[in-house]
Each structure stands twice: as C-alpha cells, then as structure tokens.
Amino acid sequence: MADTLTDLIVYQSSLLNSRNGSCHGFSTRAGGVSNSPYNTLNLGLSVGDIPENVHKNRELFFQALKSDPQQSAQGIQVHGNTIQIVDHPGVFPATDALITIRKNIPLVIKTADCAPVILFEPEQGVIAAVHAGWRSVVKGILENTIRIMVRDFNCNPENIKSAIGPSIRSCCYEVKNDVSSRFPDDVILWENSKSYLDIPKAIQLRLIDQGMQIENIDDSQLCTACNEKLFFSHRRDKGKTGRMMMAVYLT
Ligand SMILES: [Zn+2]
C-alpha cells in the first residue's frame, strides 16, 4: 500500500491471476485528477464531475491495465437482470452483466457500494462482469449469467473462477425489512435490533448453488464504506461521490 494516495492503486485477485488468459483490475479513488467530492480517481461521467477529468482518470486506469477505454464494453446499469453478450466495444442500454469470448474487449462495471463480480472460465476462454447490487442479486443475475456461460459457451461451473471486488459489507450495510426479508437468514447479521446485509456472502452462496467450487471464489473482503481514503461509497457519502470501475478482458 502506498503512503500517499497520489499513486494509482488497483486491486487484483491472485486467484484470477493464477491462470493465464485474462487481465483485470478494481480501481480505487487513489491516483486521479478530480477534485472533492470526486477526489481523485472518479471514473463515472454522470455524477457531476468535470468530464475532462473523468476522461483523464479513465486513461490512467486503463493504462495501468495495459488496455484502452475506447475498446471497452459497458452497460448502462439499472439494477436489473439483463445480460449482454458482447463482441464489440460500446455502451449497452439497461445492462447489468456482460459476457464475452472476444479478446481485448474490457468488460466494465461501475460501482460505489454494489459488488463488482468477475466470472472467468479459463478452459473455454469466457469472461463475465456482473454489477451485483442487492436488487440484481435478488433478481437472479448471477444465476442467469452462469446459465448463459454454460448454455451458449460450454462452460463448466466447476472451472469458473470468480472475484468479488470492494463493496459495502455487513459492517456498514444496515438494511430494513423490505431488503432483509428477501435474503436467507445466514446472510443477515443482527446487532442492537438493527439488521445488516452481508451481500458478498449472499453472492458466494448463489455461485456455489450454481455448481461453483468455494475455493474458486476470491472475495476481496474490502468494504467501500469503511475505507474512505480508498473508496467512494454512495451510502457513506449520501449520494454525492464518485465511481470506481472494475474492468476485465481476455488476453
Ligand atoms: Zn464497512
């Protein structure tokens, strides 16, 4: 970890890096050019930041991944359950998960508390990027992404490797009954009559339910809301904040 946050900090999963065939990174707020409250590596264009700064930040992040934002594919995220199979760069309407078998097209998810999830099947050469907020998780976006990987691309769930990036976690994610009632009891923590959602655990359980191996799931264990220096958090910053990116591409 750098002492100052003037240098770019990008998290990677050692599990995904243990296999050849893909490259990925989870951005932090360190190392960019934006001013407060978007300081400094805000990668979201629609949060009120100066567009020139966001474009500069995106260049810096993609440079670190030896890639190019112009080659990326991203969805306009709506907390839904729509999955796009992509074979060219672009922006796809109403999309919260992307799948590709094409090399050098970074699949991008933007977050500021929701969990970014990577699925990589090295035998078949398939990657997926999922925007896993609680709504999409409840709607079955993880199950549906894996089903498409299996049905359309011959993936074996036992071979899929997954990384769960920085997200809000049970330490900070108080939810009311309208949310907690949609999740199993073992992902809800109770403290002083308040309930807290463990969304990474909910994701893990659903991935295992689809036939994935627990040792093939790498949870970053990083909480966006606790780590103000490193992460934007929609909940903590009451909506006035930047966005991180997760990008993954086949090499
Ligand atoms: Zn926390």
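Residues numbered from 1 in each chain as written. Predicted model: local features only at pLDDT ≥ 70, side-chain atom pairs only at ≥ 80, totals over all residues. Heavy atoms only, no water.

*Asks:* Just to check I follow, could you spell out the overall build of the protein for this structure?
*Replies:* When helices and strands are tallied, the protein shows six helices and 15 strands. Over its C-alpha atoms the protein spans a radius of gyration of 17 Å, differing by no more than 12% from the 18 Å that the globule rule assigns to 251 residues. Projected onto its principal axes, the C-alpha coordinates of the protein cover approximately 50 × 45 × 35 Å. By the burial criterion, 53% of the 251 residues in the protein qualify as buried. Long-range pairs, those at least 24 residues apart, make up 64% of the contacts in the protein between residues at least 6 apart in sequence. Carbon and sulfur atoms provide 46% of the accessible area of the protein, an area that totals close to 11300 Å². Of the side-chain charges in the protein, 25 are positive and 26 negative, and the distance between the mean point of each set is 4 Å. (Helix = DSSP H or I, 4+ residues; strand = E, 2+ residues; numbered from the N terminus. Rg over C-alpha atoms; globule rule 2.2 N^0.38 Å. Buried < 20%, exposed > 50% of the residue type's maximum accessible area, 1.4 Å probe, protein only. Contact = heavy atoms within 4.5 Å. Areas by Shrake-Rupley, 256 points an atom, 1.4 Å probe, with all protein chains shown as cover. Lys, Arg positive; Asp, Glu negative; His and termini not counted. Charge placed at Lys NZ, Arg CZ, Asp CG, Glu CD.)

*Asks:* Which parts of the structure should I look at to understand the sheet that holds strand S10 (residues 161–164)?
*Replies:* In sheet architecture, strand pairing relies on hydrogen bonds along the backbone and comes in two forms, parallel and antiparallel. Overall, mixed pairing links the six strands, which are arranged S4-S6-S9-S8-S10-S14 in an open sheet. A single partner strand is all that each edge strand has here, and the edge strands are strand S4 (83–85) and strand S14 (217–219). Sheet twist, expressed as the average angle between the axes of neighbouring strands with direction ignored, equals 15°. Alignment of S4 against strand S6 (residues 97–100), held across three bridges, turns out to be parallel. Looking at S6, one finds that Gln84 is bridged to Leu98. (Pairing = 2+ DSSP bridges. Axes fitted to C-alpha atoms, helices over the stretch in contact; angles between N-to-C directions.)

*Asks:* Even after reading the chapter, I still don't get the coordination of the zinc ion, so can you show me in this structure?
*Replies:* When four donors bind a metal tetrahedrally, each ideal donor-metal-donor angle is 109.5 degrees, and when six bind octahedrally, the ideal angles are 90 or 180 degrees. At 2.2 to 2.3 Å from the zinc ion lie its protein donor atoms, namely Cys171 (SG), Cys172 (SG), Cys223 (SG) and Cys226 (SG). Geometry at the zinc ion is tetrahedral, judged from the four donor atoms that bind it and their angles of 99 to 120° at the metal. Mapped onto the polypeptide sequence, the residues donating to the zinc ion form the spacing pattern C-C-x50-C-x2-C. You can call Cys171 partly exposed: its relative accessible area is 49%. With relative accessibility at 24%, the residue Cys172 sits in the partly exposed group. (Donors = N, O, S within 2.8 Å, 3.2 Å for Na, K, Ca; no water. Tetrahedral: all angles 85-135°; square planar, octahedral: opposite > 155°, others 65-115°.)

*Asks:* Got a minute to help me understand the environment of Val33 in this structure?
*Replies:* With respect to the element layout, Val33 can be found in the loop between strand S2 (22–27) and helix H2 (51–64). Assessed through its relative accessible area of 36%, Val33 is described here as partly exposed. C-alpha separation for the pair Val33 and Gly125, spaced 92 residues apart in sequence, amounts to 35 Å.

*Asks:* Help me out: how do you make sense of the pairing of strand S12 (residues 188–191) in this one?
*Replies:* The side chains of a regular strand alternate between the sheet's two faces. Pairing between S12 and strand S13 (residues 194–197): four bridges, direction antiparallel. Note that in S13 the partner of Leu189 across the bridge is Tyr196. Linking S12 back to S13 in an antiparallel pair, the connection comprises two residues, with Asn192 at a positive phi of about 50°.

*Asks:* Honestly, the packing of aromatic side chains in this entry has me stumped. Any pointers?
*Replies:* As enumerated under the stated definition, the model contains two aromatic pairs in all. Centroid distance Tyr11 to Phe231: 6.2 Å. Interplanar angle 35°. Geometry classified as tilted. Here Tyr11 is found in strand S1 (residues 10–11), whereas its partner Phe231 is found in the loop between S14 and strand S15 (244–250), with 220 residues between them in sequence. Aromatic side chains Phe61 and Phe62 sit 5.6 Å apart centroid to centroid with 75° between the ring planes, which places their arrangement in the edge-to-face category. (Phe/Tyr/Trp six-rings, centres within 6.5 Å; stacked < 30°, edge-to-face > 60°.)

*Asks:* Explain helix H4 (residues 141–153) here, please?
*Replies:* Given 3.6 residues per helical turn, the α-helix brings residues three or four places apart onto the same face. For H4, built from 13 residues, the straight-helix expectation of 18 Å at 1.5 Å per residue is met to within 8% by its first-to-last C-alpha distance of 17 Å. After H4 finishes, the residue Asn154 shows a positive phi value of roughly 60°. (Expected span 1.5 Å × (residues − 1).)

*Asks:* Please explain the nonpolar core as it appears in this structure.
*Replies:* Grouped burial of nonpolar side chains is what soluble globular proteins tend to show. Grouped together as the largest cluster of nonpolar side chains are 37 residues, with contacts concentrated most on Val117, Leu119, Phe183, Leu197 and Ile203. Sorting the residues of this core by element identifies S6, strand S8 (115–121), strand S9 (126–132), helix H3 (134–139), H4 and helix H6 (199–209) as the ones contributing at least two each. Among the elements that take part in this core, H4 stands out by supplying six residues, more than any other. (Core = buried A, V, L, I, M, F, W, Y, C linked by side-chain atoms within 4.5 Å.)

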